[in-house]
Amino acid sequence: MPLKAAVITFPGSNCDRDMAVAIEAVTGATPARIWHGDAQLPTGLDFIALPGGFSYGDYLRAGAMAAKSPIMRAVVEAAERGIAVLGVCNGFQVLCESGLLPGALMRNAGQRFVCRTVALEVGNTASPFTHGFADGEVIRVPIAHHDGNYFADTATLDRLEGEDRIAFRYAEECNGSQRRIAGIVSENGRVLGMMPHPERAIEPAAHRAMGSADGRRVFENLVGSLISA
Amino acid sequence: MKVRILVRLKPGVLDPQGRAVHHSLDGLGFEGVNDVRIGRLIELDVAPGTSQETLKSMCEKLLANTVIEDFTIETLASDNAGECA
């Protein structure tokens, strides 16, 4: 059975189409496109993606308004039922603001928008999104953000490390994130938030333009885990 | 009823914006600036009698991110006395 996915679009999302194209390219199934004002998700979903962008113009704080939108109540409920959720860039900010992931994403320490392809160290190989990677493997994925500086208190950071929940770390410091955190997973591993854009590194053309097609593997891992489940 | 909410980064949380502004003040030749921290001022006009508890809940649920920010709530006394019609 094909994977049943949904991509949420908030006003100001701008990577929702890329996300939908990436999901379709890897899974072969067209994801449902859901608007932020919808109160319900389609039934029988396997996977929900929160795309990058500038939802609600980053008003108040990046992701803060989107986290309170009607559809997010349904996404939180779905995540609590164990449905896989991926938040990329602004989607990661929304996941933190909604409480599905701990911590917060602040303005980059260098104050500048950073946009380049970076090396990431894989730190978790147990989640549906990362099980196909080798521990410590280095992959390359593009980043493009102004507010990607991950912050959490020391106790939370220690817990994330202790529970192997740091999915990806920047191989080199690039935005001031504590412990070079680029992506984390929830306690049950089924919610992944990451600042880098795997959906932009899917096809051979992306490999030529962005220097990597490693992002594809995040989606392939997910498909693999859902098929074997 | 007018309420003024001040949202500030917690002490110890790095404030890149504040640091950049500090740098600019130094560049303009202002001496003796030891630190700059940038926060957010939110003014609400709410129904008379809105409880402190409700206001606190607004801050915790939306207006502030308590992972990185503290907030203070100031209820302004008579808000129409000095206003021009």
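See above for the structure.
Below or above, wherever it landed, is the structure these notes cover. (Residues numbered from 1 in each chain as written. Chains lettered and ligands numbered in written order. Predicted model: local features only at pLDDT ≥ 70, side-chain atom pairs only at ≥ 80, totals over all residues.)

### Here's the deal with the overall build of chain A
Assigned secondary structure in chain A consists of six helices and eleven strands. A compact globule built from 229 residues would reach a C-alpha radius of gyration of about 17 Å, and chain A, at 16 Å, matches this within 12%. Judged by the C-alpha coordinates and their principal axes, chain A covers about 40 × 35 × 35 Å. Burial statistics for chain A: of 229 residues in total, 55% are counted as buried. Taking the contacts inside chain A whose residues are at least 6 apart along the sequence as the reference set, 74% of them involve residues at least 24 apart. (Helix = DSSP H or I, 4+ residues; strand = E, 2+ residues; numbered from the N terminus. Rg over C-alpha atoms; globule rule 2.2 N^0.38 Å. Buried ≥ 20, exposed ≤ 12 C-beta atoms within 10 Å, placed from the backbone. Contact = placed C-beta atoms within 7 Å.)

### Considering the packing of helix H1 (residues 16-27) of chain A against helix H6 (residues 215-228) of chain A
All names here are of chain A. Packing of H1 against H6 brings their axes to within 10 Å, and their N-to-C directions diverge by 55 degrees. Relative to H6, the element H1 lies oblique. In this structure, the crossing between H1 and H6 has a hand that is right-handed. In contact with Ala22, Ile23, Val26 and Thr27 of H1, H6 contributes Arg216, Phe219, Glu220 and Val223. Of the residues that constitute the contact of H1 with H6, the class distribution is five nonpolar, one polar and two charged. (Axes fitted to C-alpha atoms, helices over the stretch in contact; angles between N-to-C directions. Parallel < 35°, antiparallel > 145°, perpendicular 65-115°, else oblique. Left-handed = near helix turned anticlockwise from the far one by under 90°. Nonpolar A, V, L, I, M, F, W, Y, C, P; charged D, E, K, R; others polar.)

### Topic: the interface of chain B and chain A
If you look at the interface, chain B gives nine residues, while chain A gives 14 residues. Among the elements that line the side of chain B that touches chain A, the one with the most residues is helix H1 (residues 16-27) of chain B, at three residues. The class makeup of the residues in the side of chain B that touches chain A is seven nonpolar, two polar and no charged.

### Quick look at the sheet that holds strand S2 (residues 32-35) of chain A
All names here are of chain A. Pairing is mixed across the open sheet formed by nine strands, whose spatial order is S2-S1-S3-S4-S11-S10-S9-S6-S7. For this open sheet the edge positions go to S2 and strand S7 (138-145), each flanked by a neighbour on one side alone. Strand-to-strand twist of the sheet, defined as the mean angle between neighbouring strand axes without regard to direction, takes the value 20 degrees. Where strand S3 (residues 47-50) and strand S4 (residues 84-88) come together, four bridges link them in parallel fashion. Among the inter-strand pairings, Ala49 is bridged to a residue of S4, identified as Leu86. (Pairing = 2+ DSSP bridges.)

### A closer look at the sheet that holds strand S3 (residues 69-75) of chain B
All names here are of chain B. Overall, antiparallel pairing links the three strands, which are arranged S2-S1-S3 in an open sheet. The sheet is open, and its two borders are formed by strand S2 (40-45) and S3, each paired with just one other strand. Averaged over all pairs of adjacent strands, the angle between their axes in this sheet comes to 20 degrees, without regard to strand direction. With seven bridges connecting them, strand S1 (residues 2-9) and S3 associate as antiparallel partners. Residue pairing across strands places Ile5 opposite Ile73, the latter belonging to S3. The strands touched by helix H2 (residues 52-63) are S1, S2 and S3; relative to S3, the strand with the most contacts, the crossing angle is about 150 degrees.

### Focus: the nonpolar core
Ranked by size, the top nonpolar core spans 77 residues in total, and within it Val7(A), Ile8(A), Ile23(A) and Ala49(A) carry the most contacts. Per-element tally for this core: the top contributor is H1(A), with five residues. Sequence-distant contacts of Val7(A), defined by excluding residues within four places in its chain, comprise Asp16(A), Met19(A), Ala20(A), Ile23(A), Pro31(A), Arg33(A), Ile34(A), Ala49(A) and Pro51(A). Core analysis: the next-biggest nonpolar cluster, separate from the first, contains six residues, Cys59(B), Leu63(B), Ala64(B) and Phe71(B) among them. (Core = buried A, V, L, I, M, F, W, Y, C linked by C-beta atoms within 7 Å.)

### Digging into the pairing of S2(A)
Residue and element names in this part refer to chain A. Sheet topology places strand S1 (residues 5-9) next to S2; four bridges connect them, and they run parallel. Looking at the pairing, Ala6 lines up with Ala32 of S2. Crossover S1 to S2 through H1 is right-handed. (Right-handed = clockwise from strand over helix to strand, strands pointing away.)

Keep in mind these values describe shape, not function.
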